[in-house]
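Fold and contact review
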Amino acid sequence: MTTRKFSENYNETDIFDAFAIAKAIIRQIEYYLNNENLSEMNNQFLEESKRRIEELLEKYKDSFSTVLKISNEQISFGLNEMANNQEYAGLSSEESKRIYENSSETLQSIKKDFDKVFKIEETIHELITIPLWKKSTTSINTEIKPGDKFKYLVHSGEGIIYLPGIPNYRRRRNFEGDYVSASLLSDKQMAMFRNSQVGLIIEANDAIICSTQEDAGTNITSVQGIRTVFKFKEGLYLDAGFPGNLDKDGKVSTTKIQSPNQLEEDTIKNQEKRGSVFSNRTEDVNEVILDDSKIKVIGVFFKTNGCEINLRDFERATMMERLYNVPLKISNTAIYRRKIGLDPYDSKDYENYIEDVQFWNNPENWEKIINSPEEDRKLIRRYFNEVVVGQEYEDNIKEKIDSIFSKIIEYSYTVGKKGEDETVKENGLYQSDVGE
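These remarks concern the structure in this document. Bear in mind the structure is a predicted one, so any value in this text is a computation, not a measurement.

What follows is about helix H11 (residues 373–389). Between the first and last C-alpha of H11 there are 22 Å, a value that for 17 residues agrees with the 24 Å anticipated at 1.5 Å per step. Along H11, the largest kink reaches about 25° and is centred on tyrosine 383. Every buried residue of H11 is accounted for by Pro373, Asp376, Arg377, Leu379, Ile380, Arg381, Tyr383, Phe384, Val387 and Val388.

Further remarks concern the sheet that holds strand E4 (residues 208–212). In space, the seven strands of this open sheet follow the order E4-E8-E2-E1-E3-E9-E10, with mixed pairing throughout. Each having just a single partner strand, E4 and strand E10 (328–332) make up the two edges of the open sheet. Strand-to-strand twist across the sheet, computed as the mean angle between neighbouring axes with direction ignored, equals 35°. Where strand E2 (residues 179–186) meets strand E8 (residues 287–291), four bridges bridge the pair, whose relative direction is antiparallel. Residue pairing in the sheet places valine 180 in a bridge with leucine 290 of E8. Here helix H5 (residues 105–136) sits on the sheet and contacts strand E1 (151–156), E2, E4 and E8; the angle it forms with E4, its principal contact strand, is near 80°. Sitting on the sheet, helix H7 (residues 311–324) is in contact with strand E3 (198–202), strand E9 (297–304) and E10, with an inclination near 170° to E9.

Let us look at the packing of aromatic side chains. By convention here, two paired aromatic rings are described through the distance between centres and the angle between planes. Inspection of every chain in the model, using the stated rule, returns 19 aromatic pairs. Ring geometry for phenylalanine 19 against phenylalanine 114: centres 5.2 Å apart, planes inclined by 45°, an arrangement best described as tilted. Pair noted here: phenylalanine 19 is in helix H1 (residues 12–35) and phenylalanine 114 is in helix H5, with a separation of 95 residues, a long-range link. Since its relative accessible area comes to 2%, phenylalanine 19 is described here as buried. With relative accessibility at 0%, the residue phenylalanine 114 sits in the buried group. One aromatic cluster is present, built from ring pairs that chain together Phe6, Phe19, Tyr60, Phe114 and Phe118.

Okay, unusual backbone geometry next. Positive phi, normally seen in glycine, also occurs at asparagine 168, with a value near 65°. Within the secondary structure layout, asparagine 168 lies in the loop between E1 and E2. Not every positive phi belongs to a glycine, and arginine 194 is a case in point at roughly 60°. Turning to its location among the elements, arginine 194 is positioned in the loop between E2 and E3.

Residues Leu163, Leu290, Phe302, Tyr383 and Phe405 are the most contacted members of the largest nonpolar core, which totals 55 residues. When residues in this core are grouped by element, the largest group, eight residues, is from helix H12 (residues 395–415). Other than its neighbours up to four places away in sequence, tyrosine 383 contacts Phe302, Glu308, Ile309, Asn310, Leu311, Phe314, Val388, Tyr393 and Phe405. Within the second largest apolar cluster, 30 residues are counted, among which are Ile53, Ile70, Leu107 and Ile120.

Here histidine 125 shows up in helix H5. Residue classification places histidine 125 among the buried residues on the basis of a relative accessible area of 11%. In terms of polar contacts, histidine 125 uses its side chain to reach the backbone carbonyl oxygen of isoleucine 208, at 3.0 Å. If sequence neighbours within four positions are ignored, histidine 125 has contacts with Ile130, Ile208, Ile209, Lys256 and Ile257.

All right, on to the packing of H1 against H5 then. One can describe the packing of H1 onto H5 by two numbers: an axis separation of 11 Å at closest approach and a directional angle of 35°. Every pair of crossing elements has a handedness; the one defined by H1 and H5 is left-handed. Judged by residue contacts, Ile15, Ala18, Phe19, Ile21, Ala22, Ile25, Ile29 and Tyr32 of H1 engage Leu107, Ile110, Phe114, Val117, Phe118, Glu121, Ile124, Ile128, Thr129 and Leu132 from H5. Classifying every residue of the contact of H1 with H5 gives 16 nonpolar, one polar and one charged.

The rules behind each value
Residues numbered from 1 in each chain as written. Predicted model: local features only at pLDDT ≥ 70, side-chain atom pairs only at ≥ 80, totals over all residues. Heavy atoms only, no water. Helix = DSSP H or I, 4+ residues; strand = E, 2+ residues; numbered from the N terminus. Expected span 1.5 Å × (residues − 1). Bend = angle between axes of the 7 residues up to and from the residue. Buried < 20%, exposed > 50% of the residue type's maximum accessible area, 1.4 Å probe, protein only. Pairing = 2+ DSSP bridges. Axes fitted to C-alpha atoms, helices over the stretch in contact; angles between N-to-C directions. Contact = heavy atoms within 4.5 Å. Phe/Tyr/Trp six-rings, centres within 6.5 Å; stacked < 30°, edge-to-face > 60°. Core = buried A, V, L, I, M, F, W, Y, C linked by side-chain atoms within 4.5 Å. Polar contact = N/O pair within 3.5 Å; in protein donor to acceptor, adjacent residues only side chain to side chain. Left-handed = near helix turned anticlockwise from the far one by under 90°. Nonpolar A, V, L, I, M, F, W, Y, C, P; charged D, E, K, R; others polar.

Here's what the structure looks like:
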């Protein structure tokens, strides 16, 4: 059974969408055949599927001429049959409209033929796409050293993020069903929703519904249609994708079969077109849609640009690490930017770093910073060890942050009760005060 369905009442947008989706499926099948190491049986199925969809598209030529043909057939039936036959005279306007719209033989044929395309999409999603996602993403148990390759599925946001697995979780939008939007992050691109630096790493499993290299326009609806990619229950559906008539070549149509490797490549191409390579802008994220009833949070992701003091987000990341009881994974974008020939940080990042240094180096601000001295010292030391040192900040930046943190830690003992075995060390965090 397919999730996609033509509207009960004829809508020409359905035709444009169907053609756009079919073209996108062909393109994605071609990627599988040319780039993925699949079994001979899977390759044969993909080649046969591609041939069948291409023959179908050739049969109807293009979406615009098909829409015109349907319209002409409807008009002809209305003028030659309905206008001259008394059996239609007593029908309600609603029933007359239904008969008129469905009088087109081309429309009936389109519905049957494209239903076969949608069945192919469902089969590829289940038998090839999902297993490939599971294989392509990095195990949460794999140690990722600075500069190592990785692929994580990450749901980002502000504040403490509530997903299944957190204590007292409750769906926010719909009690009957809900979805989660995430992004595929990798060593080659790390654009996160809302320019966030913190997210939850989600296991790549059967929860994955569809993906696209940009915002998919996902929404919950009460009407099943061509853009429907998931059915929660009767009367509650999930739609994704923008109108096909705005998508002439089908390259941005949302399907259920995009390979994670193709998603990564297409995301990077989009960023390059916009002049925002290795972007952190919301408009440059990709989107992977998941059924929240099946998702599993397996880690917390914290991203640093290699020249910042971001204790606020790091504290949030460590809180979620404890709440979900999962490991924290940290990544320094500066290292990955260097690997592809970019400056380690853009000018704005470095300007913000200078502002950070001015703020944190000012004793007048320390009183605002220190709320719980012992816990704050633990957070500062962990940030220094795991982020600044662990993620290989440049020496001049590392030494500057060491100097600032040492002063703040020393100050913290003046505002809280000093423990018996705690002493202020003269050489600073980096030299001798780096462990708890």
